[in-house]
Each structure stands twice: as C-alpha cells, then as structure tokens.
Amino acid sequence: MDRDTFACATKFFRDYSGLPRGASCQPHDHVDYIEKPETFTYADFFKDYLIPNDPCVFSAKFTESWGSRRKWVTPDGKPNFDYLLRTFGEAVVPVANCDVKEYNSNPKEHLKLKEYISYWKEHIKKNYRSPRGCLYLKDWHLHRAFPEQDVYTIPIYFSSDWLNEYWDAIKVDDYRFVYMGPKGSWTPFHADVFRSYSWSANICGKKKWLVFPPGQEENLRDRHGHLPFDITAPELKKGNVYPRYAQSPAPVEIIQEAGEIVFIPSGWHHQVYNLEDTISINHNWVNGCNVAIMWSFLQDELAAVQREIREWRETMEDWHLQCQVLMKSYTGIDYKEFYNFLKVIAENRIFVLENHHSEEDASKHCYRAAISGLGMLHAVFDLKRTAKVLTSLNANEDFKKLNPESLTPPPHALLHRLKAAIDTALL
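Rules behind the numbers
- Residues numbered from 1 in each chain as written.
- Predicted model: local features only at pLDDT ≥ 70, side-chain atom pairs only at ≥ 80, totals over all residues.
- Heavy atoms only, no water.
- Pairing = 2+ DSSP bridges.
- Helix = DSSP H or I, 4+ residues; strand = E, 2+ residues; numbered from the N terminus.
- Axes fitted to C-alpha atoms, helices over the stretch in contact; angles between N-to-C directions.
- Polar contact = N/O pair within 3.5 Å; in protein donor to acceptor, adjacent residues only side chain to side chain.
- Contact = heavy atoms within 4.5 Å.
- 1 Å grid on protein atoms, 1.4 Å probe; cavity = no way out; pocket = protein on both sides within 12 Å on 5 of 7 lines; lining within 4 Å.
- Points joined across faces, edges and corners; volume = space filled by probe spheres on them.
- Nonpolar A, V, L, I, M, F, W, Y, C, P; charged D, E, K, R; others polar.
- Buried < 20%, exposed > 50% of the residue type's maximum accessible area, 1.4 Å probe, protein only.
- Core = buried A, V, L, I, M, F, W, Y, C linked by side-chain atoms within 4.5 Å.
- Phe/Tyr/Trp six-rings, centres within 6.5 Å; stacked < 30°, edge-to-face > 60°.
- Arc of directions from axis to C-beta.

A. Quick look at the sheet that holds strand β7 (residues 186-190). What the four strands build is an open sheet, ordered β7-β12-β9-β10; its pairing is antiparallel. The sheet is open, and its two borders are formed by β7 and β10 (252-256), each paired with just one other strand. Strand-to-strand, the axes of this sheet are offset by a mean angle of 15°, without reference to chain direction.

B. Expanded view of the side chain of Thr 386. Relative to the helices and strands, Thr 386 resides in helix α13 (residues 376-395). At 2.7 Å, the side chain of Thr 386 forms a polar contact with the backbone oxygen of Asp 382. Setting aside residues no more than four positions away along its own chain, Thr 386 makes contact with Trp 162, Leu 342, Ile 345, Ala 346 and Leu 418.

C. Quick peek at the sheet that holds strand β2 (residues 56-58). The mixed open sheet is built from nine strands, whose spatial order is β1-β2-β11-β8-β13-β6-β5-β3-β4. Strands at the two margins of the open sheet, each flanked by one partner only, are β1 (32-34) and β4 (108-112). Adjacent strand axes in the sheet meet at a mean angle of 25° when their direction is disregarded. Most of the contacts of helix α7 (residues 162-170) go to strand β13 (residues 278-285), to which it runs at about 80°, and overall it touches β6 (176-181) and β13.

D. Representation of the environment of Lys 336 within the structure. Position of Lys 336 among the secondary structure elements: in helix α10 (residues 335-354). On a C-alpha basis, the gap between Lys 336 and Val 352 in space is 25 Å, while along the polypeptide they are 16 residues apart.

E. Summary view of empty space enclosed by the protein. All told, the structure shown has one cavity of 30 Å³ or more when counted by the stated rule. For the largest cavity, the full set of lining residues is Ser 159, Ser 160, Asp 161, Glu 165, Arg 349, Tyr 367, Ala 370, Ile 371, Leu 374, His 378, Ala 379 and Asp 382. Sorting the residues of the lining of the largest cavity by element identifies α12 (366-374) and α13 as the ones contributing at least two each. Top contributing element to the lining of the largest cavity by residue count: α12, with four residues. The class makeup of the residues in the lining of the largest cavity is five nonpolar, three polar and four charged.

F. Structural view of the pairing of β7. Taking burial as the measure, the five residues of β7 include four buried ones, the bulk of the element. Alignment of β7 against strand β12 (residues 269-274), held across three bridges, turns out to be antiparallel. Each bridged residue has a counterpart across the sheet, and for Trp 186 the counterpart in β12 is Tyr 273.

G. Spatial organisation of the nonpolar core. With 121 residues, the main nonpolar core has Phe 45, Phe 58, Trp 72, Trp 140, Met 180, Phe 338 and Phe 341 as its most contacted residues. Examining the composition of this core, we find that 11 residues originate from one element, α10, more than from any other. Within the second largest apolar cluster, 10 residues are counted, among which are Val 211, Ile 254, Val 262 and Ile 264.

H. A look at the packing of aromatic side chains. On inspection of all chains with the given rule, the structure shows 48 aromatic pairs. Considering the side-chain rings of Tyr 152 and Trp 199, the 6.1 Å spacing of their centres and the 70° angle between planes classify their relative orientation as edge-to-face. Taken together, the positions of Tyr 152 in the loop between α6 (142-145) and α7 and Trp 199 in strand β8 (residues 197-204) put the pair 47 residues apart, joining distant regions of the chain. Per residue, the accessibility class of Tyr 152 equals that of Trp 199, and both read buried. Ring geometry for Trp 167 against Phe 194: centres 6.0 Å apart, planes inclined by 15°, an arrangement best described as stacked. Note that Trp 167 is positioned in helix α7 and Phe 194 in the loop between β7 and β8, a separation of 27 residues in sequence.

I. Just α12, in detail. Looking only at α12, the buried set comprises Tyr 367, Arg 368, Ile 371 and Leu 374. An end-on view of α12 places all buried positions within 120° of arc, on one side of the element. Relative to its buried face, α12 has exposed residues pointing more than 90 degrees away, namely Cys 366 and Gly 373. Just downstream of α12, Gly 375 is the residue with a positive phi angle, here 105°.

J. Structural view of the pairing of strand β9 (residues 207-212). When you tally the buried positions in β9, you get five out of six residues, the bulk of the element. Strand direction decides the pairing type here: β9 and β10, joined by five bridges, are antiparallel. Bridging across to β10, Lys 207 finds its partner in Gln 256. Looking at chain direction, β9 and β12 are connected through six bridges and run antiparallel. If you follow Trp 209 over to β12, its bridge partner there is Val 272.

Shape descriptors only; they carry no functional weight alone.
Set out below in structure tokens:
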C-alpha cells in the first residue's frame, strides 16, 4: 500500500459507521470490466472497488496462467472429465439438488466425485434432464483436501484475506470452494457469509449473475419480512404477498465468461445461474475495508436471536450465553470467537511491523509473508481498522456479559498493544 492509498483509506474510514456501502439509492446499471493485469494495480482495486464497495469483472487474462485453466478444460472449452476423474475421482464432494427447496436452500448429499461426474455425463446425454433432478457440486473444500495441486494462484487484489487467515490458523475450516455444475444449475438468492466479499473465477463455462446493491433487497421482502428464495418466481408480483416488489429496481446483470473473475462486494445480494456446463473457484474474504460490516452483521444476528427467545429471558439460566450458542449455530461464529478472529489478525500484523527487517522470519509464515508483501502501511491500516472494531466490541454490553477479562489476552491489553504498535510504526 502506497502513501496515497493509505491517506485515502484513512480519510474515508475515519467517520465510517460500518453499514454496507454501495449504490443502494442510485441507478447502478453497469459493472466495470478490468481488461489488462499489467495496468491495473492493487491500489487501483483498493481505491476504486474495495473502499466504495462496488463490483467489477476481471478479464480472462488474470487467470490464463492457472493450472486449472490448462488441465481442467478440454480444447473446446468443456470440463475435462477424464482429468478430473484421474486426479480427484475418489474425493467425496457435497452436491445440492437445485430442483428441491428445503427451508431456504437446496438439500445436499455427499457423493464421490466419480459418481457425480457419471451423473453429469448422463445428464448431458439426456438433454439436461434427469429423474434425480439438477445436481450441483457446491462448496467443495478442494484447496484444503488437495493443497499440493496446481489449481490457481490468488490474485494480489484478494490477498488481504482475514477469513482464511484466521481459519487456517485454527485449522478448523476455510472459505475456499470449488463449484461444478451442468447448464441450468443455480444458486438461490442470498448475501455471502458474514457479509463478506466474494470473488468467483470461471475455469470454464458461463454464468449469469443478478445482483442488488445493499438496501435494494429490502423491496423484495414478503409481508412477513422474509427474502425470496428465487427472485424470478412469479409470486413476487403478488402485491398482497410482496407489497414492495413493484418499487424494486431491476437487478444488475453480469454475464461471466470462461476465465473471468467476478468481484461481489459486502452485502450485495445475488442469484447465480450456470448458462453452460461450468466450473468455478470461489473465495469468501474479509479485510480492513469490510470488517466493520461483519461486526454490524453479527450484532444484527444476535439481536434476531434475542428477539426469538426473549420470552425465556427471565426463566432461562444463562440466557445471554444461550443466545451466543444459537447465534454460532446459525452463523458459524459467536462474540468470543470474533474476538479471537480479531486477535489473530492483530498479532500477525504486529509481528510483521516489529520484525519488518527480518524477511526470513516472515517467510516462514505464509500469511505474514503476504502481509509484508502488501507493505508496512497496509499492516498499519489493518491494525487501525482492527482497533476501531475491537473498541466497539469491548464496549458492547452483550460482550461484557461474557467475562471478556478471562480471554487471553484480555481485550483491553490487546487494544493497548495494538495502538502502541500503530503509534510506533507511524513515528
């Protein structure tokens, strides 16, 4: 991060509240297309898309060196089933049925990849019809299962990735996925986990994205306040069920070709279709630009849980702890884990700032090397954003009920160390 970008980011976030940004009240009828890697810098992406929270599409030139673009695709641009079977055929993968709605998602089963590809081939032969329905391989943690495979290289624009930095550190989960599906497979209307960013690269095939800037999804709620499963369903036109649908602007439509990468910002709801047989790589990620949005989302989720079980507040022992348990079951994280998340992010950056002359120490830890590669000012920016959110968390009444002084280190001690590291770095 150069000084100009650091100054721009510092000025923007000085008074920023943490609400999702984007063109929620303005026409947003096109998405920028980034053509040339050699003329598009990290600073360009940071200032033009991360800070304003706007989407963009990267051309296929940004992925042309990836191993998956060479090996997973046939010369005519189709999925290379033979290669995938040889390399990953015995892997167990999650598969959703796009033709079945279960609550507000598609039910999943687990199959060996060789079984799924057998289904896929048969589905193509039968003109994309099957008594089993339209099956879509989704959320396969291929990177975690096959870390040695030459599949892709994360573009520098997406390298400040706090979600995967944290989950790799605790060795529990990750938010890197492979999707594979036939023409006609699709993903229902949603916003991404923790209101994170996502980037999605087509290895082959074509997708259609229908996206709404933050706030526009409110017009799509039914009379009970629920968002639709499918924004193209005819029942949305029933005014007695969806009273504000007529006020909803048309979604922004993106057609994503093979090799291209779509960047979806925080809080942008979207629905996605595979227009051809398609394979894609998807990451969810959080960084200093949207960590406050993540924190705002978690507060909203806890408030929703508290409303749901408020009638037991006086009679349930440790009611506030039960609320945290329920929130974690719904979202995947609670307030204590969010504190640990901030702690890992802060400690990695403090280490880099305190050891910036020792390239050998940083290179032993891939995320510290990535932090170092983005520059010392980026580490300072990250710490400033972490300090802002940690200060808010520490003042939160629900967090105070969790005995935060028992955490290691206590939040006030981490905050003190964090601010000292920022002050020292800026001397």
